[in-house]
Amino acid sequence: QGPVLIEGKHASFIDPLVVEAGIKRKVGFVIIDTYFYKPLIRWFCASTKCIPVAEKMEGAGSMKQAIRYLRQKKVLCIFPEGGRSRDGKLMPAKSGAGILALLTGAPVVPAAVKGSFSAYASHHLIPRPKKIEVVFGKKLYFSLKDNISKKEQGKEATDIIMQKIEELLR
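Residues numbered from 1 in each chain as written. Predicted model: local features only at pLDDT ≥ 70, side-chain atom pairs only at ≥ 80, totals over all residues. Heavy atoms only, no water.

*Asks:* Residue-level account of the overall build of the chain, with values.
*Replies:* In terms of regular secondary structure, the chain is built from seven helices and six strands. The N-to-C order of helical and strand elements in the chain reads β-α-β-α-α-β-α-β-α-β-α-β-α. For 170 residues, the compact-globule estimate of 2.2 N^0.38 gives 15 Å, and the chain sits close to it at 15 Å. Each of the three principal axes of the chain carries a C-alpha extent, and together these read 50 × 35 × 30 Å. With 170 residues in all, the chain has 44% of them scored as buried. Working note: accessible area of the chain is about 9,600 Å², and carbon and sulfur atoms make up 55% of it. (Helix = DSSP H or I, 4+ residues; strand = E, 2+ residues; numbered from the N terminus. Rg over C-alpha atoms; globule rule 2.2 N^0.38 Å. Buried < 20%, exposed > 50% of the residue type's maximum accessible area, 1.4 Å probe, protein only. Areas by Shrake-Rupley, 256 points an atom, 1.4 Å probe, with all protein chains shown as cover.)

*Asks:* Any chance you could break down the packing of helix H4 (residues 61–71) against helix H5 (residues 96–104) for me, citing the residues and the numbers?
*Replies:* Axis separation between H4 and H5 bottoms out at 10 Å; the angle between their running directions is 45 degrees. As summarised for this structure, H4 and H5 are arranged oblique, according to the angle between their axes. The two elements H4 and H5 cross, and the hand of that crossing is right-handed. Every residue of H5 that contacts H4 at Met-63, Ala-66, Ile-67 and Leu-70 is listed here: Gly-96, Ile-99, Leu-100, Leu-103 and Thr-104. Of the residues in the contact of H4 with H5, the class split is seven nonpolar, two polar and no charged. (Axes fitted to C-alpha atoms, helices over the stretch in contact; angles between N-to-C directions. Parallel < 35°, antiparallel > 145°, perpendicular 65-115°, else oblique. Left-handed = near helix turned anticlockwise from the far one by under 90°. Contact = heavy atoms within 4.5 Å. Nonpolar A, V, L, I, M, F, W, Y, C, P; charged D, E, K, R; others polar.)

*Asks:* Any chance you could break down a positive patch on the surface for me, citing the residues and the numbers?
*Replies:* A surface patch of like charges, here positive, comprises Lys-26, Lys-49, Lys-64, Arg-68 and Lys-74. With respect to the element layout, Lys-74 can be found in the loop between H4 and strand S4 (75–78). (Patch = residues over 30% accessible without salt bridge, like charges linked within 9 Å, V, L, I, M, F, W, Y side chains within 5 Å. Salt bridge = Lys/Arg side-chain N within 4 Å of Asp/Glu carboxyl O. Lys, Arg positive; Asp, Glu negative; His and termini not counted. Charge placed at Lys NZ, Arg CZ, Asp CG, Glu CD.)

*Asks:* Any details on the side chain of Thr-48? Residues and values, ideally.
*Replies:* By secondary structure assignment, the location of Thr-48 is in the loop between helix H3 (39–47) and strand S3 (50–53). A polar atom in the side chain of Thr-48 sits 2.3 Å from the backbone oxygen of Val-27. If sequence neighbours within four positions are ignored, Thr-48 has contacts with Glu-20, Lys-26, Val-27, Gly-28 and Phe-29. (Polar contact = N/O pair within 3.5 Å; in protein donor to acceptor, adjacent residues only side chain to side chain.)

*Asks:* Report on the sheet that holds strand S6 (residues 133–136), specifying residues and quantitative values.
*Replies:* If you walk across this open sheet you meet the six strands as S3-S2-S4-S1-S5-S6, and the pairing is mixed. Strand pairing shows two members of the sheet lacking a second neighbour, S3 and S6, which therefore form its edges. Between one strand axis and the next, the sheet turns by 25 degrees as a mean value, whatever way the strands run. Pairing analysis gives four bridges linking strand S1 (residues 4–8) to strand S5 (residues 108–114), with the strands arranged parallel. Counterpart to Ile-6 in the pairing with S5 is Val-109. On the sheet, H4 packs against S1, strand S2 (27–32), S3 and S4 and is oriented at approximately 160 degrees with respect to S3. (Pairing = 2+ DSSP bridges.)

*Asks:* Outline the side chain of Thr-158, supporting the account with residue identities and numerical values.
*Replies:* By the secondary structure assignment, Thr-158 is in helix H7 (residues 150–169). A residue is classified by how much of its surface remains accessible, and Thr-158, at 2% relative accessible area, is buried. For Thr-158, the side chain forms a polar contact with the main-chain oxygen of Gly-154, separated by 2.8 Å. Each residue touching Thr-158, except ones within four places of it in the same chain, is listed here: Pro-80, Ala-93, Lys-94, Ser-95, Ala-97 and Gly-98.

*Asks:* Which residues make up the nonpolar core, and what values do they have?
*Replies:* By size, the foremost hydrophobic cluster in this structure holds 21 residues, and its most contacted members are Leu-5, Leu-76, Leu-100, Val-108 and Phe-142. Those elements giving two or more residues to this core turn out to be S3, H4, S4, H5 and H7. Sequence-distant contacts of Leu-76, defined by excluding residues within four places in its chain, comprise Val-4, Leu-5, Ile-6, Gly-28, Phe-29, Val-30, Ile-51, Ala-66, Tyr-69, Leu-70 and Leu-100. Counting 18 residues, the second largest nonpolar core, distinct from the first, contains Val-4, Val-19, Val-27 and Phe-79. (Core = buried A, V, L, I, M, F, W, Y, C linked by side-chain atoms within 4.5 Å.)

Spelled out as structure tokens, the structure:
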């Protein structure tokens, strides 16, 4: 119940599908705007809530949409890396994922999708039959502190989230 942020590793186009399959509630997603208009992804976005974000992660419009969505007590999935991994390994994360958690107070559930890269990496034309597992971690809570910048706190929160995702991947 209430707002929840699912934050996980992103290695394949099928990650959102398997994350959503593992949750009993409807899930919204933050996606890079260049993919928002591709036919297959557009179909997916029509069946759920997708919030497009600029590829360079600039501008506050997407953040405002995400905050409004979470204030409606909904579930939002964001991949902190800001895009799919090209080699299946964790990439450095963007601090927006942590800032979103701080601004909304929504609990963060770290998620690890295992096997999706070997099933459908960015260089594959079609998916391959492979075992895929989604592991959800324990909720994390973050709150803003007055004496530290939001950007610094966002980076710190994102680092903690990514550490938890890495632990789930082991």
